Every structure is written in structure tokens, then in C-alpha cells.
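Analysis of the macromolecular model
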Amino acid sequence: QVQLVESGGGLVQPGGSLRLSCAASGSIFSVNSRAWYRQPPGKARELVAVIANGGSTNYADSVKGRFAISRRNAENTMYLQMNSLKPEDTAVYYCNLNGRTWLDKPVDYWGQGTQVTVSS
């Protein structure tokens, strides 16, 4: 079906930048939105950024002005550009695709996650 694979995580110093990528493969019947989530150590998974099918975006308050979500249709890849990284951004980052199956049931596809560690 659908497979999402994240890449681009790693260890960076505070103030640094990373660009996460999420490559999608397989057939998707219907897409509602694409998003990036993150899960800090010991905490619940939280929404970081979302891009709707029409292109509108929303961001968590904690990342506004620093992160940007985008998608390149030709490559079927979504991105999360992260600038001015802070230690609080340390988390496992997951890409997400929300859609509907051919039976008109909601479905979420998830990547395996990529670790982002911000530390000096």
C-alpha cells in the first residue's frame, strides 16, 4: 500500500538547521492532509506542522517562524525545514499522511520516525 520513509535527522547544535524529508510510495486513494509530528522523550506525540491538500499550512506555536512544511508533488516528497533549532526540539519526528480508503474510511499512514537531537 503506502510507505513513508523519513530521512534527514541527526545531531545538531542549538541554532543549527536540519531539513527532514519524507518520501512516499504506493497508491493512495484520497489524501486529506500531510503532517509532521514529533514525540519528545517521555512525552506524547504532538503535531508540529500540517499542510492541507489545498496547500494551506498550520504550525504549532512553538515552531512558528522557525519551521516550514512543504511538498514537492513531482517527487512525492514532503519536507520539514527546521531553523534556529533549540534543545526543546529534540524528539523523534514522524511524517504522517491522512486520507481515506476506497471504502471511505479514515486512515493514517506513518513513517518510522527519525531522531533529531539538538545539543551543544
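From a predicted model like this one, the values you see are computed outputs, not experimental measurements. (Residues numbered from 1 in each chain as written. Predicted model: local features only at pLDDT ≥ 70, side-chain atom pairs only at ≥ 80, totals over all residues. Heavy atoms only, no water.)

1. Section: the side chain of E6
Its place among the elements puts E6 in strand β1 (residues 3–7). Of note is the side chain of E6, whose polar atom sits 2.8 Å from the backbone nitrogen of Q112. Of note is the side chain of E6, whose polar atom sits 2.8 Å from the backbone nitrogen of G113. (Helix = DSSP H or I, 4+ residues; strand = E, 2+ residues; numbered from the N terminus. Polar contact = N/O pair within 3.5 Å; in protein donor to acceptor, adjacent residues only side chain to side chain.)

2. Quick notes on the pairing of strand β8 (residues 77–82)
On any regular strand, side chains alternate: one points to one face of the sheet, the next to the other face. With 5 of its 6 residues buried, β8 lies for the most part within the structure. Across 6 bridges, strand β3 (residues 18–25) lies against β8 in antiparallel orientation. Its bridge partner being in β8, S21 is matched across the sheet by Y79. Examined bridge by bridge, strand β7 (residues 67–72) and β8 share 6 bridges and lie antiparallel to one another. In the sheet register, I69 faces β8, and the bridge partner there is L80. (Buried < 20%, exposed > 50% of the residue type's maximum accessible area, 1.4 Å probe, protein only. Pairing = 2+ DSSP bridges.)

3. A short note on the environment of G111
Of note, G111 is situated in the loop between β10 (106–110) and β11 (114–118). It is 23 Å that separates the C-alpha atoms of G111 and K64, two residues lying 47 residues apart in sequence. Among all residues touching G111, those that are not within four sequence positions of it are L4, E6, Y94 and C95. (Contact = heavy atoms within 4.5 Å.)

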